[in-house]
Amino acid sequence: MICDEARILLHALLDNELDAGHAREVEAHIASCPACAAELAAQREMQRVLADTDLRYTAPASLRARIEASLPQAQHQPTRRSLLRGFAMGSAVSALAASGVVALVLRQDDQQRILSEVVSAHLRSLQAGHLTDVVSTDQHTVKPWFNGKLDVAPPVIDLTAQGFTLVGGRLDYIDARAIGAVVYRRRQHVINLFVSQTSNVEYRTPKTETMQGFNCRRWGNRGLNFWAVSDIAADELAEFVDKFEAAMKANAEG
């Protein structure tokens, strides 16, 4: 394991998010690398300081009293008939809304589950020998490699001139399906671009989320779902996505 790989996994090691095998690899590297050992010690000290800091604030009782005093007072007591009428109307509205609410909650849960799988796949790829199945900076080598391995080959675009170097590609598995992963680098940082056909979850609006210290920007386009995952800053990841989308549009129009 090299320093770049170890440093990416330090946060996961501190949070006990690595399996035993990967944890041993990182710990073995740290034992022989003073620089990474110092970085781990600094992160552990920051974690201790944050844990010891009292970041909670309890509002005074006077605040509650002021809020209650500012609320409008009821002008009259509701009758039994009005209470029953309101209850009946509320029950009807609740019944109509329930199916939509349940569907929304299930959809959100599904999205979070898939996001977790995507981030886990990104973490797996950072282990030695797992990043690429085909190694090439040439998009005309990487894209044909996917042919026959997936129902739809992912778009592969060379963004080296824009500061994002194509490294290669591999097959991965998300939501129990094989999908393509196109790999880029931004300086020493890995960007995994996962691509799959839309299924029960389609991402229409671009959105950036953070999980386990990694930024993930997901979006949908032309019947495909995309997830770009990396430890680079969220604005840099958004820049990558913007440049990728602009190149895809230019290729389609050309």
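Data block above holds the structure.
This structure is a prediction, so every number in the text was calculated from the model and none was measured. (Residues numbered from 1 in each chain as written. Predicted model: local features only at pLDDT ≥ 70, side-chain atom pairs only at ≥ 80, totals over all residues. Heavy atoms only, no water.)

Section: the environment of His29
Part 1: Inspection of the secondary structure assignment puts His29 in helix α3 (residues 20-32).
Part 2: On the basis of relative accessibility, which here comes to 11%, the residue His29 falls in the buried class.
Part 3: For the pair His29 and Met1, spaced 28 residues apart in sequence, the C-alpha to C-alpha distance is 6.5 Å. (Helix = DSSP H or I, 4+ residues; strand = E, 2+ residues; numbered from the N terminus. Buried < 20%, exposed > 50% of the residue type's maximum accessible area, 1.4 Å probe, protein only.)

Here's the deal with the pattern of salt bridges
Part 1: With the rule as written, the count across this model stands at 10 salt bridges.
Part 2: Put simply, Glu239 and Arg186 hold a salt bridge, and the shortest N to O gap is 3.6 Å. Of this pair, Glu239 sits in helix α8 (residues 234-253) while Arg186 sits in strand β3 (residues 177-186), and the two are 53 residues apart along the sequence.
Part 3: Classification of Arg186 by relative accessible area gives buried; the value is 13%.
Part 4: When the shortest N-O distance is used, the salt bridge between Lys243 and Glu239 registers 3.9 Å. Residue Lys243 and its partner Glu239 are both found in helix α8; the two are separated by 4 residues, about one turn of the helix.
Part 5: Relative accessible area serves as the criterion here: at 27%, Lys243 is assigned to the partly exposed category.
Part 6: In this structure, a network of salt bridges that share partners links the residues Arg186, Arg187, Glu236, Glu239 and Lys243. (Salt bridge = Lys/Arg side-chain N within 4 Å of Asp/Glu carboxyl O.)

Some thoughts on the packing of aromatic side chains
Part 1: Considering all chains together, one arrives at 7 aromatic pairs under this definition.
Part 2: Between Trp145 and Phe146, the aromatic rings sit 5.1 Å apart at their centres with planes inclined by 80°, giving edge-to-face as the arrangement.
Part 3: Aromatic side chains Trp219 and Phe244 sit 6.4 Å apart centroid to centroid with 70° between the ring planes, which places their arrangement in the edge-to-face category. Taken as a pair, Trp219 in strand β6 (residues 214-221) and Phe244 in helix α8 lie far apart in primary sequence, 25 residues in all.
Part 4: Classification of Trp219 as buried rests on a relative accessible area of 2%.
Part 5: Accessibility expressed as a relative area gives 0% for Phe244, which makes it buried.
Part 6: Among the aromatic side chains, those forming a connected cluster through ring pairs are Phe164, Tyr184, Trp219, Phe226, Phe240 and Phe244.
Part 7: Its end group placed over the ring of Trp145, Lys149 keeps NZ or CZ at 4.4 Å from the ring centre.
Part 8: When the ring centre of Phe164 is taken as origin, the NZ or CZ atom of Arg186, which lies over that ring, is 4.4 Å away. (Phe/Tyr/Trp six-rings, centres within 6.5 Å; stacked < 30°, edge-to-face > 60°. Lys NZ or Arg CZ within 6 Å of the ring centre and 35° of its normal.)

Things to note about the side chain of Glu209
Part 1: Here Glu209 lies in strand β5 (residues 207-211).
Part 2: Buried within the structure, Glu209 lacks any salt-bridge partner; its nearest side chain of opposite charge belongs to Arg218, at an N-O separation of 4.2 Å.
Part 3: In this view, Glu209 contacts Gln112, Leu115, Phe214, Asn215, Cys216 and Arg218; residues no more than four positions away in its chain are not counted. (Lys, Arg positive; Asp, Glu negative; His and termini not counted. Contact = heavy atoms within 4.5 Å.)

Considerations on the side chain of Gln43
Part 1: Along the polypeptide, Gln43 turns up in helix α4 (residues 34-52).
Part 2: Judged by relative accessible area, Gln43 falls into the buried class, the value being 12%.
Part 3: If we skip the residues at most four places from it in the chain, Gln43 touches Leu10, His11 and Leu14.

Structural notes on α4
Part 1: Between its first and last C-alpha atoms α4 spans 27 Å; for 19 residues at 1.5 Å apiece the expected length is 27 Å, and the two agree.
Part 2: The complete set of buried residues in α4 reads Cys36, Leu40 and Gln43. One face of α4 carries all of its buried residues, which in axial projection span an arc of 65°. Across α4 from its buried face, at more than 90 degrees, point the exposed residues Pro34 and Asp52. (Expected span 1.5 Å × (residues − 1). Arc of directions from axis to C-beta.)

Geometric values such as these leave the question of function open.
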